[in-house]
Amino acid sequence: MNAAPADQIRLLDLQALDVRLTQLAHKRKSLPEHAEIVSLEGDLAQHRDLLVAAQTEESDCAREQAKAEQDVDQVRQRAARDQQRLDSGAGMSPKDLEKLQHEIASLAKRQGDLEDVVLEVMERREAAAERAAELTGRVASVQAKVDDAVARRDAATATIDAEVATVTKEREVVAGSIPADLLKLYDRLREKQGGVGAARLYQRRCEGCQLELDITELNEVRRAAKDEVVRCENCSRILVRTSDSGL
């Protein structure tokens, strides 16, 4: 393949723009905020799970407390009725009165046990409420950190995307000035050779593979016409000759 030396040199400009686009894509993908957000969102999910568990426990305790208080009230009402019967003593034999006294004593003990249950449930409910309040604060704090990291990531991404747009336009201009067959060869090699399709021959060294050409390879390049598109024997990339090639 033949191409004007000026067209071949423009490949270096195109290559520099493609390298910059690759760097920008890597930079965008590697923003530290990405890992920060993933870590924070993991913490946020964990705190939210703990908050739901605390709120569920508080709700369960509330129902348990309401049931225990209802049981206390029922025992209290029954004891009050028995006490009224005992106080009146109407139509009751001594044996019945004694039996009623035992029942009132039993109800008093039952009421005391149930009140202890109410107190225990209230303590658990209060503890769960405190944990829920604390976790609500933690969730809000971590969410604020997530929002901040997302804002920083979006700002950095916008800056990178703006540069990508600028470089892409520059690439379109440069690519449009290169002959189609030469551009096709460059793009094919660039895809095959890790993003580098053309490299400068500098001081007898290919800047694509960083290997120095041996004497036989150098002589072949020296004999090649100026408009001949030469390739590196080692990496197959297009070798662009300049005044610094050492030929």
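Everything quoted here is computed from the prediction, not taken from an experiment.

Definitions and cut-offs
Residues numbered from 1 in each chain as written. Predicted model: local features only at pLDDT ≥ 70, side-chain atom pairs only at ≥ 80, totals over all residues. Heavy atoms only, no water. Helix = DSSP H or I, 4+ residues; strand = E, 2+ residues; numbered from the N terminus. Rg over C-alpha atoms; globule rule 2.2 N^0.38 Å. Buried < 20%, exposed > 50% of the residue type's maximum accessible area, 1.4 Å probe, protein only. Contact = heavy atoms within 4.5 Å. Core = buried A, V, L, I, M, F, W, Y, C linked by side-chain atoms within 4.5 Å. Pairing = 2+ DSSP bridges. Patch = residues over 30% accessible without salt bridge, like charges linked within 9 Å, V, L, I, M, F, W, Y side chains within 5 Å. Areas by Shrake-Rupley, 256 points an atom, 1.4 Å probe, with all protein chains shown as cover. Salt bridge = Lys/Arg side-chain N within 4 Å of Asp/Glu carboxyl O. Lys, Arg positive; Asp, Glu negative; His and termini not counted. Charge placed at Lys NZ, Arg CZ, Asp CG, Glu CD. Arc of directions from axis to C-beta. Polar contact = N/O pair within 3.5 Å; in protein donor to acceptor, adjacent residues only side chain to side chain. Axes fitted to C-alpha atoms, helices over the stretch in contact; angles between N-to-C directions. Parallel < 35°, antiparallel > 145°, perpendicular 65-115°, else oblique. Left-handed = near helix turned anticlockwise from the far one by under 90°.

A. Local environment of the overall build of the protein chain. The helix and strand inventory of the protein chain stands at 5 helices and 4 strands. Listed by position from the N terminus, the elements making up the protein chain come as α-α-α-α-β-β-α-β-β. The C-alpha radius of gyration computed for the protein chain amounts to 42 Å, which surpasses the reference 18 Å derived for 247 residues by more than 25%, pointing to a less compact arrangement than a globule. Expressed as lengths along the three principal axes of its C-alpha atoms, the size of the protein chain is roughly 135 × 35 × 25 Å. In the protein chain, which comprises 247 residues, the share counted as buried stands at 30%. Of the contacts formed within the protein chain by residues at least 6 apart in sequence, a portion of 76% connects residues at least 24 apart.

B. The arrangement of the nonpolar core in detail. Counting 21 residues, the largest nonpolar core has L11, L14, I178, L182, Y186 and I238 as its most contacted members. Among the elements of the structure, α1 (5-29), α3 (94-176), α4 (180-192) and β4 (238-241) are those that each provide at least two residues to this core. Once residues within four sequence positions are removed from consideration, I178 is found in contact with D7, R10, L11, L14 and L183.

C. View of the sheet that holds β4. Pairing is mixed in the open sheet, where 4 strands are placed in the order β2-β1-β4-β3. Since the sheet does not close on itself, it has two edges, and those belong to β2 (205-206) and β3 (230-231), each with one partner. Summarising the sheet, β3 and β4 pair through 2 bridges and their orientation is antiparallel. Within the sheet, the bridge partner assigned to R231 lies in β4 and is I238.

D. Expanded view of the environment of A225. Within the secondary structure layout, A225 lies in the loop between α5 (215-223) and β3. Judged by relative accessible area, A225 falls into the partly exposed class, the value being 38%. Residues A225 and E64, 161 residues apart in the sequence, show an inter-C-alpha distance of 94 Å.

E. Region of interest: a positive patch on the surface. A cluster of basic residues, K184, R188, K192 and R231, forms a positive patch at the surface. If you tally residues by element for the positive patch, the top one is α4, at 3 residues. Looking at the element boundaries, R231 is found in strand β3. Take R231: its relative accessible area is 35%, and that puts it in the partly exposed class.

F. Looking closely at the pattern of salt bridges. This structure, assessed with the given rule, holds 24 salt bridges. With a closest N to O distance of 3.2 Å, K109 and D113 form a salt bridge. Of this pair, K109 and D113 both sit in helix α3, 4 residues apart, which is roughly one turn of that helix. Taking relative accessible area as the criterion, K109 reaches 56% and is therefore assigned exposed.

G. Broad picture of the pairing of β4. A two-sided burial pattern is seen for β4, the buried positions comprising I238 and V240 on one face and L239 and R241 on the other. With 4 bridges connecting them, strand β1 (residues 198-202) and β4 associate as parallel partners. Within β4, the position partnered with R200 by the bridge is V240. If you look at the hairpin formed by β3 and β4, you'll find 6 residues sitting between the two strands, and S236 has a positive phi there, around 70°.

H. Region of the structure containing the pairing of β1. Of the pairings in the sheet, the one linking β1 to β2 comprises 2 bridges and is antiparallel in character. Of the residues in β2, the one forming a bridge with Y202 is R205. As consecutive antiparallel partners, β1 and β2 are separated by 2 residues, and within that stretch Q203 has a phi angle of approximately 50°, a positive value.

I. Here's a closer look at α5. Along α5, the positions that sit buried rather than exposed are E217, L218 and V221. Down the axis of α5, the buried side of the element spans an arc of 100°, and every buried residue falls inside it. With respect to the buried face of α5, the exposed residues turned more than 90 degrees away are I215 and R223. Close packing links the buried residues of α5 with β1 and β4. At the N-terminal boundary of α5, the capping side chain belongs to D214, with an oxygen 3.1 Å from the backbone nitrogen of T216.

J. Region of interest: the packing of α1 against α3. Orientation of α1 relative to α3, taken along the N-to-C sense of each, is 160°, at an axis distance of 10 Å. As judged from the angle between their axes, α1 and α3 are roughly antiparallel. Of the two elements, α1 crosses α3, and the hand of that crossing is left-handed. Contacts from R10, D13, L14, L17, D18, R20, L21, L24, K27 and R28 in α1 reach T157, I160, D161, E163, V164, V167, T168, E170, R171, V174 and A175 in α3.

That's the geometry; what it means functionally is another story.
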